[in-house]
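Reading the structure
The residues making up each chain are set out below.
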Amino acid sequence: MENNGTMFHLKIQKGDIGRYVLLPGDPGRVEKIAAYLDNPYHVITNREYNIWNGYLEGELVTVMSTGMGGPSTAIGIEELKMCGAEVLIRVGTCGGIDPELKPGTLVIATGSIRKEGTTREYVPIEYPAVPDFELTCYLRDAAKQLGYDYALGVSESKDSFYGQWNPDSMPVGPELKDKWEAWKQAGAAVSEMESAALFIVASVRRMKAATILLLCSNHERELKYGEKVEETYDISHTIETAVLAVRNYIKEHR
């Protein structure tokens, strides 16, 4: 924090944001999400952090991008906490691990594999990365209310995108492939890059956090069934579900 109370990275102060925050990774998705709020307006953009505000049920709600990966996510959450945020929902995308999941499915994370480095600087590796149970139930109930296909499951949070997509190019490729097979055999659902950091930092800082993801592609399904699976990148249903979950949460926690 700077001497005048402004956050080093977010460039905001206490009072600039709401208690409720929706967290996409991509700065380009922030304005699209904010459009689902009442009276949206831009607050500030600095580095990977694009911040907008709006209202749901008369309550101030913030949308902020985290950028890709654990370090920028953790920094953003720390500074959001110092500015008054309490309830966080990641609105993101993912790739498939479970071959039974079809692209377009909304995946609500019940936990995250800590295959990243950021959270090791918070708690020992034995501590689980899990979302807030109540907030996760609000996401599930919102998906049901809207009639969207959804699944509950564990995500893998990784640091290296290309370690997943091209493990043979990496000196540690055999280890990467062995771990991927382990996650698959254990029943992990999807792979992404931010939820472990979100869950651990929120837990340590006593915030409520949950994640909902659009399953964009699933090459494991293609391998198992020998068919090309059409990819999808339309996150509208993901946004609608997250916004409804926040709306319902506000109504019941006034």
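First things first, this report covers the structure right here in the doc.

Calculation notes
Residues numbered from 1 in each chain as written. Predicted model: local features only at pLDDT ≥ 70, side-chain atom pairs only at ≥ 80, totals over all residues. Heavy atoms only, no water. Helix = DSSP H or I, 4+ residues; strand = E, 2+ residues; numbered from the N terminus. Rg over C-alpha atoms; globule rule 2.2 N^0.38 Å. Buried < 20%, exposed > 50% of the residue type's maximum accessible area, 1.4 Å probe, protein only. Contact = heavy atoms within 4.5 Å. Core = buried A, V, L, I, M, F, W, Y, C linked by side-chain atoms within 4.5 Å. Expected span 1.5 Å × (residues − 1). Arc of directions from axis to C-beta. Phe/Tyr/Trp six-rings, centres within 6.5 Å; stacked < 30°, edge-to-face > 60°. 1 Å grid on protein atoms, 1.4 Å probe; cavity = no way out; pocket = protein on both sides within 12 Å on 5 of 7 lines; lining within 4 Å. Points joined across faces, edges and corners; volume = space filled by probe spheres on them. Nonpolar A, V, L, I, M, F, W, Y, C, P; charged D, E, K, R; others polar. Polar contact = N/O pair within 3.5 Å; in protein donor to acceptor, adjacent residues only side chain to side chain.

Take the overall build of the protein chain next. Check the secondary structure of the protein chain and you find eight helices and nine strands. For 254 residues, the compact-globule formula gives about 18 Å, and the C-alpha radius of gyration of the protein chain, at 18 Å, lands near that figure. Dimensions along the principal axes, computed over C-alpha positions, put the protein chain at roughly 55 × 40 × 30 Å. When each of the 254 residues of the protein chain is scored for burial, the buried share is 54%. For the protein chain, long-range pairs separated by at least 24 residues make up 76% of all intrachain contacts whose partners lie at least 6 apart in sequence.

Let us look at the nonpolar core. Ranked by size, the top nonpolar core spans 33 residues in total, and within it Leu 22, Ile 89, Leu 139 and Val 246 carry the most contacts. The residues contacting Val 246, other than those within four sequence positions of it, are Tyr 20, Leu 22, Leu 56, Val 61 and Ile 89. In this structure, Met 7, Ile 77, Phe 199 and Ala 209 belong to the second largest nonpolar core, which totals 26 residues.

So, about helix α5 (residues 173–186). Its 14 residues place the ends of α5 20 Å apart at the C-alpha level, agreeing with the 20 Å of an ideal helix rising 1.5 Å per residue. Those residues of α5 that sit buried are Gly 173, Leu 176, Trp 180 and Trp 183. On an axial view of α5, the arc spanned by its buried residues comes to 90°, and they lie on one face. When the buried face of α5 is taken as reference, the exposed residues oriented beyond 90 degrees from it are Pro 174, Asp 178, Gln 185 and Ala 186. Where α5 is buried, its residues contact β5 (87–96), β6 (106–115), β7 (150–158), α4 (161–165), β8 (190–192) and α7 (219–225). Gly 187, located one to two residues past α5, shows a positive phi value of around 100°.

Applying the stated criterion across every chain, the model contains four aromatic pairs. When the centroid spacing of 5.2 Å and the interplanar angle of 65° are considered together, the rings of Tyr 138 and Tyr 249 count as edge-to-face. Of this pair, Tyr 138 sits in helix α3 (residues 133–146) while Tyr 249 sits in helix α8 (residues 236–252), and the two are 111 residues apart along the sequence. The same class applies to Tyr 138 as to Tyr 249, namely buried. Between Phe 161 and Tyr 162, the ring centres sit 5.0 Å apart and the planes meet at 85°, which makes this aromatic pair edge-to-face. With a relative accessible area of 55%, Tyr 162 lands in the exposed category.

This part covers the layout of surface pockets. The space that makes up the largest pocket amounts to roughly 520 Å³. In terms of lining residues, the largest pocket is bounded by 23 residues, among which Met 68, Thr 93, Cys 94, Phe 161 and Met 193 are the most central. Broken down by secondary-structure element, the contributors of at least two residues to the lining of the largest pocket are β5, α4, β8 and β9 (208–217). Counting residues per element, the lining of the largest pocket draws most heavily on β5, at five residues. A class-by-class count of the residues in the lining of the largest pocket yields eight nonpolar, eight polar and seven charged. Reported here for the second largest pocket is a volume of approximately 410 Å³. Considering the residues around the second largest pocket, the lining is formed by 19 residues, among which Gln 164, Trp 165, Pro 167, Trp 180 and Glu 220 are closest to the centre. Among the secondary structure elements, those contributing two or more residues to the lining of the second largest pocket are β5, β7, α4, α5 and α7. No other element matches α5, which puts four residues into the lining of the second largest pocket.

Another aspect to go through is α3. If you check α3, its first and last C-alpha atoms are 20 Å apart, about what 14 residues at 1.5 Å a residue would give, namely 20 Å. For α3, the complete set of buried residues consists of Leu 135, Thr 136, Cys 137, Tyr 138, Leu 139, Ala 142 and Ala 143. Contact partners of the buried residues in α3: β5, β6, β7, β9 and α8. Two or three places before Glu 134, at the start of α3, stands the capping residue Asp 132, its side-chain oxygen 3.3 Å from that residue's backbone nitrogen. Positive phi shows up at Gly 147, right after α3, with a value of about 75°.

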